[in-house]
Amino acid sequence: MKVMIVGGGGREHALGWKISKSKEVSSIIFVPGNAGMAELGECVKADSSDLEGMLKIAKDRAVDFVVVGPEAPLAAGIVDLFSENGLRVFGPRRDAARIESSKSFAKTLMEKYGIPTPKARTFTSFDEAEAYVRKLTPPVVVKADGLAAGKGVTVAFDIETAIEALSFCIIEKGFGDSGSRVMVEEYVEGKEISILSLTDGKALAHMSPSQDHKRAFDGDEGPNTGGMGAYSPVPFLDSETEAFIHSSVMEATVRALEAEGSTYRGVLYGGLMLTEESPKVLEFNVRFGDPETQAILPRLESDLLDGMLATLEGTIANYDMRWSSDYCICVVIASGGYPGSYSTGIPIKGIKAASADPKVEIFHAGTAIEDGKLVTAGGRVLNVVALGGDIEEARGLAYESVRMISFEGMHYRSDIGKDAFALDSEAKM
Ligand code: GLY
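Residues numbered from 1 in each chain as written. Predicted model: local features only at pLDDT ≥ 70, side-chain atom pairs only at ≥ 80, totals over all residues. Heavy atoms only, no water.

Visitor: Residue-level account of the site of the ligand, with values.
Guide: What surrounds the ligand is the set Asp212, Lys214, Gly226, Tyr269, Asn285, Arg287, Gly289, Asp290, Pro291 and Glu292. Here a nitrogen atom of the ligand and a side-chain polar atom of Asp212 are 2.7 Å apart. Contacts to the ligand include Asn285, whose side-chain N or O atom sits 3.3 Å from an oxygen atom. Contact with the protein chains hides 90% of the accessible area of the ligand, taken as 200 Å² for the molecule alone. Taken together, the residues of the shell around the ligand break down into 2 nonpolar, 3 polar and 5 charged. (Near = heavy atom within 4 Å. Polar contact = N/O pair within 3.5 Å; in protein donor to acceptor, adjacent residues only side chain to side chain. Areas by Shrake-Rupley, 256 points an atom, 1.4 Å probe, with all protein chains shown as cover. Nonpolar A, V, L, I, M, F, W, Y, C, P; charged D, E, K, R; others polar.)

What follows is the structure in structure tokens.
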């Protein structure tokens, strides 16, 4: 089977790495891919907003199955277009993808079907939003309604910051049309986790839980990023809470979408806060998490491609999803300056030695080959992933490998999985 993977980051490298292990796969095409993916298959340049251009690539190369990594093409209707042209594609259609591409759609759905989520109100008028926010006690959360490349959420610890965020969205149009509608949401506290479930619109196969680290610096300090590291499984998620999330959040949401006439197929990502009251949904995404995927897939013993195909064939209830009991940790190495501005084209050294241990994988996020040399080509550059019998072993291996890699200005968090390690050690005492 010829598989095409759309995307060019660490998530897509991890998907390609896992899919390449399937016995059914003969070749993989990455659109556009990166230097790491080039070792697994052909990389074809294309603009991810050019759906017709990508359709031509898929048809010209007669691909049998398409996996879409990022949310933007899904929200733009890549599954609708490719399916109408006879291609088999993993992911939801545009109407179902609104669960990520419109925060107000998701919130209204959750409120209607009793899916636990923080309270919120939606505004299109700056004056009305400002008047509402001035009556609240901070912190408050301001969210652009549409897709904003992971930058649309502001956690405001004072009212002036919340009003600046409203102004940036509604008046300055900082996120274009995505911010012309804004949601003001209640701030909730707790530990945040990610649950990903494969679904054919009826049944769900829940993946092992993970935790992302969104802030740039150690101790959850600094600005929000796309994610600086992740680990799986999550020792502080008890089985009762996990079962509640599976049934009352993930399954309830797929059923709610079905009841609204939007069958959801693909992977559903729930970003949840474990509050004292109950787990509450902060966001849904319509694709695999990045970098959660990099920490989950090395633990998946089953064939991922079989699971993806089952979401199309309506047979996910029969998919045998098996997990290794190992811990897995992913440490993101980023460019100097990220998540702000950063340089690219900087030579990277040490990858070969860093990936020598069979328990270590290095997924490329933003890399390229220039004049035969591996160089940086993005904000998040590399994902160093290690497996271990416990989180201590996984952390030790991952950081040992991270320290073998060098490029000018690189930075990474040194505390990925630290909380989990503390809890895991406590549990063993
Ligand atoms: N790691 C957060 C996300 O994938 O949205």
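Past the structure itself, the notes keep going.
Visitor: So what's going on with the packing of helix H1 (residues 10-19) against helix H11 (residues 304-313)? Residues and values would help.
Guide: For the pair H1 and H11, the least separation of the axes is 8 Å and the interaxial angle reads 105°. Here H1 lies roughly perpendicular to H11, going by the angle between them. Of H11, the residues touching H1 (which contributes Leu15, Lys18 and Ile19) are Leu304, Leu305 and Met308. Tallied by class, residues from the contact of H1 with H11 come to 5 nonpolar, no polar and 1 charged. (Axes fitted to C-alpha atoms, helices over the stretch in contact; angles between N-to-C directions. Helix = DSSP H or I, 4+ residues; strand = E, 2+ residues; numbered from the N terminus. Parallel < 35°, antiparallel > 145°, perpendicular 65-115°, else oblique. Contact = heavy atoms within 4.5 Å.)

Visitor: Give me the lowdown on the environment of Lys359, citing residues and values where you can.
Guide: In this structure, Lys359 sits in the loop between helix H12 (351-354) and strand S19 (360-364). C-alpha separation for the pair Lys359 and Ala398, spaced 39 residues apart in sequence, amounts to 9.1 Å. Excluding residues within four positions of it along the chain, Lys359 makes contact with Val385, Ala386, Leu387, Glu393 and Leu397.

Visitor: Hey, could you go over the sheet that holds strand S15 (residues 229-232) for me, with residue numbers and the actual values?
Guide: With antiparallel pairing, the 5 strands of this open sheet are ordered in space as S12-S15-S18-S22-S19. The strands lining the two open edges of the sheet, one partner per strand, are strand S12 (211-212) and S19. As paired elements, S15 and strand S18 (residues 327-334) share 4 bridges and run antiparallel to each other. From the neighbouring strand, Ala230 faces S18, where its bridge partner is Cys330. Each of S19 and strand S22 (380-388) touches H1; the most contacted strand, S19, lies at about 130° to it. Contacting S15, S18, S19 and S22, helix H13 (residues 391-402) crosses the sheet at an angle of about 140° to S22. (Pairing = 2+ DSSP bridges.)

Visitor: How would you sum up unusual backbone geometry? Please name residues and give values.
Guide: Of note, the amide linkage connecting Pro138 to Pro139 takes the cis form, showing an omega dihedral of 0°. Among the structural elements, Pro139 can be located in the loop between helix H7 (126-134) and strand S7 (140-144). Here the amide bond leading from Tyr338 into Pro339 is cis, since omega sits at 15°, within 30 degrees of zero. Relative to the helices and strands, Pro339 is located in the loop between S18 and H12. Despite not being glycine, Lys173 has its phi angle at roughly 55°, a positive value. Phi angles above zero are rare outside glycine, and Asp371 is one such case at about 50°. Judged by relative accessible area, which is 82%, Asp371 ranks as exposed. (Buried < 20%, exposed > 50% of the residue type's maximum accessible area, 1.4 Å probe, protein only.)

Visitor: Account for helix H8 (residues 159-171), with residues named and values stated.
Guide: Look at H8: 17 Å from first C-alpha to last across 13 residues, which is about the 18 Å you get at 1.5 Å a residue. Those residues of H8 that fall on the buried side of the exposure criterion are Ile159, Ala162, Ile163, Ala165, Leu166, Ser167, Cys169 and Ile170. Structurally, the start of H8 carries an N-cap: the backbone nitrogen of Glu160 is 3.3 Å from a side-chain oxygen of Asp158. (Expected span 1.5 Å × (residues − 1).)

Visitor: If you had to explain the pattern of salt bridges to someone new, which residues and values would you point to?
Guide: Taken as a whole, this structure holds 21 salt bridges when the rule is applied. One salt bridge in this structure joins Arg134 and Glu160, with 3.1 Å as the shortest N-O distance. Within this pair, whereas Arg134 is found in helix H7, its partner Glu160 is found in helix H8, the two being separated by 26 residues in sequence. Where Lys143 meets Glu185, a salt bridge forms, and the shortest distance between an N and an O atom there is 3.0 Å. One end of the pair, Lys143, is in strand S7; the other, Glu185, is in strand S9 (residues 182-186), and 42 residues separate them in sequence. A relative accessible area of 5% places Lys143 in the buried class. (Salt bridge = Lys/Arg side-chain N within 4 Å of Asp/Glu carboxyl O.)

Visitor: Outline the pairing of strand S10 (residues 191-199), listing residues and values.
Guide: Of all 9 residues in S10, 7 are buried, a share of seventy percent or more. The sheet contact formed by S10 and strand S16 (residues 266-274) spans 9 bridges and is antiparallel. Paired with Thr199 across the two strands is Gly266, which belongs to S16. Examined bridge by bridge, S10 and strand S11 (residues 204-206) share 3 bridges and lie antiparallel to one another. In the sheet register, Leu198 faces S11, and the bridge partner there is Ala205. Here S10 folds back onto S11, and the loop between the two strands holds 4 residues, one of which, Gly201, carries a positive phi near 100°.

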